[in-house]
Each structure stands twice: as C-alpha cells, then as structure tokens.
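Each chain is listed here by its residues.
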Amino acid sequence: MAGLPAGLWSRRPHAHTWSIVEYLSHIVEVTAIHRLGAAVIAESPGTDLGSMSGAEPISTEVPHLDPVEVLGRLEREAADYGAYLRSLDDWAWAGTMIIDGDEYRIRMNGHV
C-alpha cells in the first residue's frame, strides 16, 4: 500500500471498470461466499440453493471504500475461511448441492 499514491486505490480506469479497492472488496465478498458454501456442503449436503441469476452490471456510482478497512476485512475473512476448512474432517470435504434444480457433487480442494 505504501508504494501506491492514495488516490490510485479508488480511481476507476473507466466508468464501468472497478477500482483496485472495489476489486478487493469483491474478493472479500467472494471469500465469504466460498466459506458459507463450504459450510453448506459439509454441514447440509443436498441443500437446494435455488437459482443463480446473472451478475448485475457495474454501476457508474463509485462507492466510498477505505482501502485499509477493506484489506483488514479480507485478512479476517481469509483467516476465518482457512480456520473453518482446517476444522473439517476428511469425510466433510465432499458433498452435494442443488442449483437451478440440478444436483452437483462437490469435492472441495485444498485439504491439508
């Protein structure tokens, strides 16, 4: 962080392209979704997740995000996700989930 000018974190290269801090915030959200998905697979196999709709277009409204706060959230979320995965027994690393009516057999990767 120290090597980048402060404004660079929040500057969008184009109106419909996220800034660095927006991408980081998105990674925090995706990591949280992966952690929750891992919990569903391990603790409630066969859960119907409903429909997965398409992504929303990127808004031209730029949110106010503090890069230090977002990086802290990413660090905490990644640590929580890692701790959860390390807590699982071997049998919990495979399961099923239902998306749009189709059943998927899932094998989580990264077991240490």
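Residues numbered from 1 in each chain as written. Predicted model: local features only at pLDDT ≥ 70, side-chain atom pairs only at ≥ 80, totals over all residues. Heavy atoms only, no water.

Please give an account of helix H2 (residues 67–87) that cites residues and values.
The end-to-end C-alpha separation of H2 is 30 Å, in line with the 30 Å expected for 21 residues at 1.5 Å each. Where H2 is concerned, the buried positions are Pro 67, Val 70, Gly 72, Glu 77, Gly 82, Tyr 84 and Leu 85. (Helix = DSSP H or I, 4+ residues; strand = E, 2+ residues; numbered from the N terminus. Expected span 1.5 Å × (residues − 1). Buried < 20%, exposed > 50% of the residue type's maximum accessible area, 1.4 Å probe, protein only.)

Let's hear about unusual backbone geometry: which residues, and what values?
Even without a glycine there, the phi angle at Asp 100 is positive, about 55°. Following the sequence through the fold, Asp 100 ends up in the loop between strand E2 (94–99) and strand E3 (102–107).

Account for the pattern of salt bridges, with residues named and values stated.
Pairing is possible between side chains that carry opposite charge, provided their charged atoms lie close to one another. Scanning the entire structure with this criterion turns up three salt bridges. A salt bridge links Glu 77 to Arg 35; the nearest nitrogen and oxygen atoms lie 2.4 Å apart. You can see Glu 77 sitting in helix H2 and its partner Arg 35 sitting in helix H1 (residues 20–43), a full 42 residues away along the chain. Between Glu 69 and Arg 73 there is a salt bridge; the shortest N-O distance is 3.6 Å. Here Glu 69 pairs with Arg 73, and both are found in helix H2, just four residues apart, close to one helical turn. Residue Arg 73 is classed as partly exposed on the basis of its relative accessible area, which comes to 24%. (Salt bridge = Lys/Arg side-chain N within 4 Å of Asp/Glu carboxyl O.)

Quick one: what's the story with the pairing of E3, residue by residue and with numbers?
Every regular strand shows the same layout, with side chains that alternate between the two sheet faces. Burial of E3 is sparse: only zero of the six residues sit out of reach of the surface. Across six bridges, E2 lies against E3 in antiparallel orientation. Across the sheet, Thr 96 pairs through a bridge with Arg 105, a residue of E3. The antiparallel pairing of E2 with E3 creates a hairpin that spans two residues between the two strands, and Asp 100 there sits at a positive phi of about 55°. (Pairing = 2+ DSSP bridges.)

Quick rundown of the sheet that holds E2? Include the residues and the values.
Spatially, the three strands line up as an open sheet ordered E1-E2-E3, and their pairing is mixed. Unpaired on one side and paired on the other, strand E1 (47–48) and E3 mark the two borders of the sheet. With two bridges connecting them, E1 and E2 associate as parallel partners. In the strand pairing of E2, Thr 47 is matched with Met 97. Where H1 meets the sheet, it contacts E1, E2 and E3, and its direction lies at approximately 110° from that of E2. (Contact = heavy atoms within 4.5 Å. Axes fitted to C-alpha atoms, helices over the stretch in contact; angles between N-to-C directions.)

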